[in-house]
Amino acid sequence: MKHEKDWYKELVIYQIYPRSFKDGNGDGIGDLKGMIEKLDYLKELGVNAVWMSPVYASPNVDNGYDISDYFSIMEEFGTMQDWEIFRDGAHARGIAIIMDLVLNHTSDRHIWFEESKKSKDNPYSDFYVWRDPAPDGGAPNGWMSVFGGSAWEYVPQRKQYYLHMFAKEQPDLNWDCEEAREKIFDIIRFWNEKGVDGYRVDAISYLDKGLDGRADFQETIGTVACANLEGTHRYIREMAEKTFAPAHLMSVGEVNINNEQDSINYSSAKSGEFNMAIPFVPPIVEIKTWSPERLKEDLERDYQILKEDGWWARFLSNHDKPRQVSLYGNDELYWKESAKMLACYLHTLPGTPFVYQGEELGMTNVQYHSIEEYDDIDTKNYYMSMLSDGASEEDALAESQSISRDNSRTPMQWDDSAYAGFSTQKPWLGVNPNYVKINAANQMQDDTSVFRFYQKLIALRKEHPVMVHGDFALCCPKKGPVIAYTRSFQNETWLVIHNFSEKEQIFEHDRIQGTETIILSNYDERAKERGKIRLRAYETMILELQDKNKR
């Protein structure tokens, strides 16, 4: 596919977590054959890009984010031929392919690391971050890994420690090594030649470790201590210049954003790094700190920072987060209403919307009955840390349930047959019991379903440039659960209103005449009043405002 400069602004990107999307060969694990089966489903939904989580060869310590061979497909997902069939089928349907790149670290079973750990004088010696022990023989510093425990692991053969910001089986690459960088760029060039249209780059804020004294050694979490150092931006710019930019390939980085300058560095055109960024926020932090007021503050701030030459990745769900209707909405009494409201919120904001698989059905969090039913390494580590801190098993399980990444990784709910139509065998992770009610087959036969609502939103984006290119202005009180804004482009102005609560709210605006066209809403009928609107539980609507000069 040939790409114009700003083509990524027109995309609606659907994230597939391959292990949980569709099992095509009956082994209980999602795969490329299953993804091929569902290409027509994606086309019917209307998306025009697919981001697939890693499908490269991997021992699966961290569900594919520990890569042992970047040039091969994970055996349980299929073959390179399967990948090529998916690519061709997607392209034939006008769907771009976005690959997930993991470049901060590899698997400890990658040939580079297997060679690097042998000695200090082999060709791959400097491909990873090695340091001598501290004077007492312990780790070089006190950094902890994201998954708990020390970020350093000792290797007797080298008499040194290697750095791993994540699991010990995920050693960090040494981006200071020019030869390693070129090998990394060769990985991207390989997939470029395979016809990839863009990349989501995982955990990319920590390339420059700052071990020469620039990192914050008082900070115990390694990723926090060295996030966003100057070398990281220099390396990303080099990578973009040599691999992404020449063909206008789409790029989005999963990054740490702590201030305005971080946003500019990662997401503005003049910085030359990514087209847009996905800020990483730990689930437990988001669960405890999110509010409609916080969303409004973030929207206003982020828009002002990047409106000149930047862009926004818009998402409420992904493979690292709880299900959005369970976190931001009401997944019981107002399940359908809040699922639609969140969809309308996401797709009417400036930026490129990302839809995570199952979100378009309103899939919810799962609550397994014991920690043994969970697969996620982070969930299990969190559970054990709570127990060690004195929590009861009941409390530790309850909190682990709410933050678990497995909430978003349960198998896709295709129909109400055994295992939700995901597989003919018991899946690798338990299906959410509510699949009998919430599934694609039911919703595709229901014109009022969450799926059909998403379909309408995506179609509106393709038909109305205001959704892509329109200016953005908040027009709601800073306090309270109502989020409202206008999007304006050329002679068209839309007013978009969302009630993030189950209580009735009154929204006032001087341009509401009571005669506006309702472009889309999650309720059927409403009484129209001049100057104000009474919003029902989780109500959302798009109104087309009349020209101020023609009233």
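That block above? That's the structure.
Residues numbered from 1 in each chain as written. Predicted model: local features only at pLDDT ≥ 70, side-chain atom pairs only at ≥ 80, totals over all residues. Heavy atoms only, no water.

*Asks:* Explain the packing of aromatic side chains here, please?
*Replies:* In this description, a pair of aromatic rings is defined by centroid distance and the angle of the planes. Counted according to the given criterion, the structure contains 32 aromatic pairs. Ring geometry for Tyr-41 against Trp-414: centres 4.8 Å apart, planes inclined by 80°, an arrangement best described as edge-to-face. A residue pair is termed long-range when its members are at least 10 positions apart, and Tyr-41 in helix α3 (residues 39-45) and Trp-414 in the loop between α15 (393-403) and α16 (440-444) qualify at 373 residues. Neither Tyr-41 nor Trp-414 differs from the other in exposure class; each is buried. A ring pair is formed by Trp-311 and Trp-312, whose centres lie 5.6 Å apart and whose planes are at 45°; its orientation type is tilted. Accessibility assignment for this pair places Trp-311 and Trp-312 in one class, buried. (Phe/Tyr/Trp six-rings, centres within 6.5 Å; stacked < 30°, edge-to-face > 60°. Helix = DSSP H or I, 4+ residues; strand = E, 2+ residues; numbered from the N terminus. Buried < 20%, exposed > 50% of the residue type's maximum accessible area, 1.4 Å probe, protein only.)

*Asks:* For this particular structure, what's the right way to read the side chain of His-164?
*Replies:* You can see His-164 is positioned in the loop between β8 (160-163) and α6 (178-193). Taking the relative accessible area as the measure of exposure, His-164 reaches 3% and is therefore buried. Of note is the side chain of His-164, whose polar atom sits 2.8 Å from the backbone oxygen of Phe-166. Excluding its chain neighbours within four sequence positions, the residues that come into contact with His-164 are Ser-145, Ser-150, Ala-151, Trp-152, Glu-153, Gln-170, Pro-171 and Asp-172. (Polar contact = N/O pair within 3.5 Å; in protein donor to acceptor, adjacent residues only side chain to side chain. Contact = heavy atoms within 4.5 Å.)

*Asks:* Would you take a moment to explain the sheet that holds strand β13 (residues 352-356) for this structure?
*Replies:* With respect to topology, 8 strands assemble into an open sheet ordered β11-β10-β9-β5-β2-β1-β13-β12, the strand pairing being parallel. Across the chains shown, the open sheet's two edge strands, defined by having one partner strand only, are β11 (276-279) and β12 (313-314). Where strand β9 (residues 198-202) and strand β10 (residues 250-255) come together, 4 bridges link them in parallel fashion. By the bridge assignment for β10, Tyr-199 is matched with Ser-251. (Pairing = 2+ DSSP bridges.)

*Asks:* What's the story with the side chain of Ser-20 in this structure? I'm lost.
*Replies:* Tracing the sequence through the fold places Ser-20 in helix α1 (residues 18-21). A distance of 2.5 Å separates a polar atom in the side chain of Ser-20 from the backbone oxygen of Arg-409. In this structure, Ser-20 is in contact with Gln-357, Arg-409, Thr-410, Pro-411, Met-412, Phe-422 and Trp-428, ignoring residues within four places of it in sequence.

*Asks:* Explanation requested: the sheet that holds β8 in the structure shown.
*Replies:* Pairing between the strands of a sheet comes from backbone hydrogen bonds, and it takes one of two forms, parallel or antiparallel. Sheet architecture is open: 3 strands sit in the order β6-β8-β7, paired in antiparallel fashion. Edge positions in the open sheet fall to β6 (130-131) and β7 (152-155), since each of these has one partner strand only. Here 2 bridges tie β6 to β8, and the two strands are oriented antiparallel to one another. Within β8, the position partnered with Arg-131 by the bridge is Tyr-161.

*Asks:* How should I be thinking about the packing of helix α14 (residues 377-388) against α15 in this particular structure?
*Replies:* Across the interface, α14 lies against α15 with an axial gap of 9 Å and an inter-helix angle of 150°. As far as their axial angle goes, α15 and α14 are roughly antiparallel. Once α14 is placed against α15, the crossing between them reads as right-handed. The segment α14 lies against α15, with Thr-379, Tyr-382, Tyr-383, Met-386 and Leu-387 engaging Glu-393, Asp-395, Ala-396, Leu-397, Glu-399, Ser-400 and Ile-403. (Axes fitted to C-alpha atoms, helices over the stretch in contact; angles between N-to-C directions. Parallel < 35°, antiparallel > 145°, perpendicular 65-115°, else oblique. Left-handed = near helix turned anticlockwise from the far one by under 90°.)

*Asks:* Explain the nonpolar core here, please?
*Replies:* The nonpolar side chains of soluble globular proteins are, as a tendency, buried together. Core analysis: the largest hydrophobic core is formed by 139 residues, its most contacted members being Tyr-14, Leu-42, Trp-83, Met-99, Leu-103, Trp-191 and Tyr-199. The element contributing the most residues to this core is helix α13 (residues 335-347), with 8 residues. Beyond its immediate chain neighbours, meaning those up to four positions away, Met-99 contacts Met-52, Val-55, Tyr-56, Trp-83, Trp-191, Val-196, Gly-198, Tyr-199 and Arg-200. Core analysis: the next-biggest nonpolar cluster, separate from the first, contains 17 residues, Trp-143, Met-165, Ala-227 and Leu-229 among them. (Core = buried A, V, L, I, M, F, W, Y, C linked by side-chain atoms within 4.5 Å.)

*Asks:* Would you mind showing me how to read the pattern of salt bridges here?
*Replies:* Side chains carrying opposite charge are able to pair once their charged atoms draw close together. Counted by the stated rule, this structure contains 39 salt bridges. Here the residues in one salt-bridge network are Arg-181, Glu-182, Asp-186, Arg-189, Glu-238 and Lys-242, joined through shared partners. (Salt bridge = Lys/Arg side-chain N within 4 Å of Asp/Glu carboxyl O.)

*Asks:* How should the environment of Phe-472 be read in this particular structure?
*Replies:* By the element assignment, Phe-472 lies in strand β14 (residues 471-474). A residue is classified by how much of its surface remains accessible, and Phe-472, at 7% relative accessible area, is buried. Spatially, the C-alpha atom of Phe-472 lies 7.8 Å from that of Leu-349, the residues being 123 residues apart in sequence. Ignoring any residue separated from it by four or fewer positions in sequence, one finds Phe-472 in contact with Leu-299, Tyr-303, Leu-349, Pro-350, Tyr-485, Thr-486 and Arg-487.

*Asks:* For this particular structure, what's the right way to read helix α17 (residues 450-463)?
*Replies:* Helical geometry: 3.6 residues make up each α-helical turn, so side chains three or four residues apart lie on a common side. Between its terminal C-alpha atoms α17 stretches 20 Å, which fits the 20 Å expected from 14 residues at 1.5 Å a residue. Taken as a whole, α17 has its buried residues at Val-450, Phe-451, Arg-452, Phe-453, Tyr-454, Leu-457, Ile-458, Leu-460 and Arg-461. (Expected span 1.5 Å × (residues − 1).)

*Asks:* Is there a simple way to explain the packing of α13 against α17 in this structure?
*Replies:* Helix packing for two helices is described by the angle between their axes and how far apart those axes are. Remark: α13 packs on α17, axes separated minimally by 10 Å, with the N-to-C direction vectors making an angle of 15°. When the axis of α13 is compared with that of α17, the two are roughly parallel. The interaxial crossing formed by α13 with α17 has right-handed handedness. Judged by residue contacts, Trp-335, Lys-336, Ala-339, Lys-340, Ala-343, Cys-344 and His-347 of α13 engage Val-450, Phe-453, Tyr-454, Leu-457, Ile-458 and Arg-461 from α17. Partitioning the contact of α13 with α17 into residue classes produces 9 nonpolar, 1 polar and 3 charged. (Nonpolar A, V, L, I, M, F, W, Y, C, P; charged D, E, K, R; others polar.)

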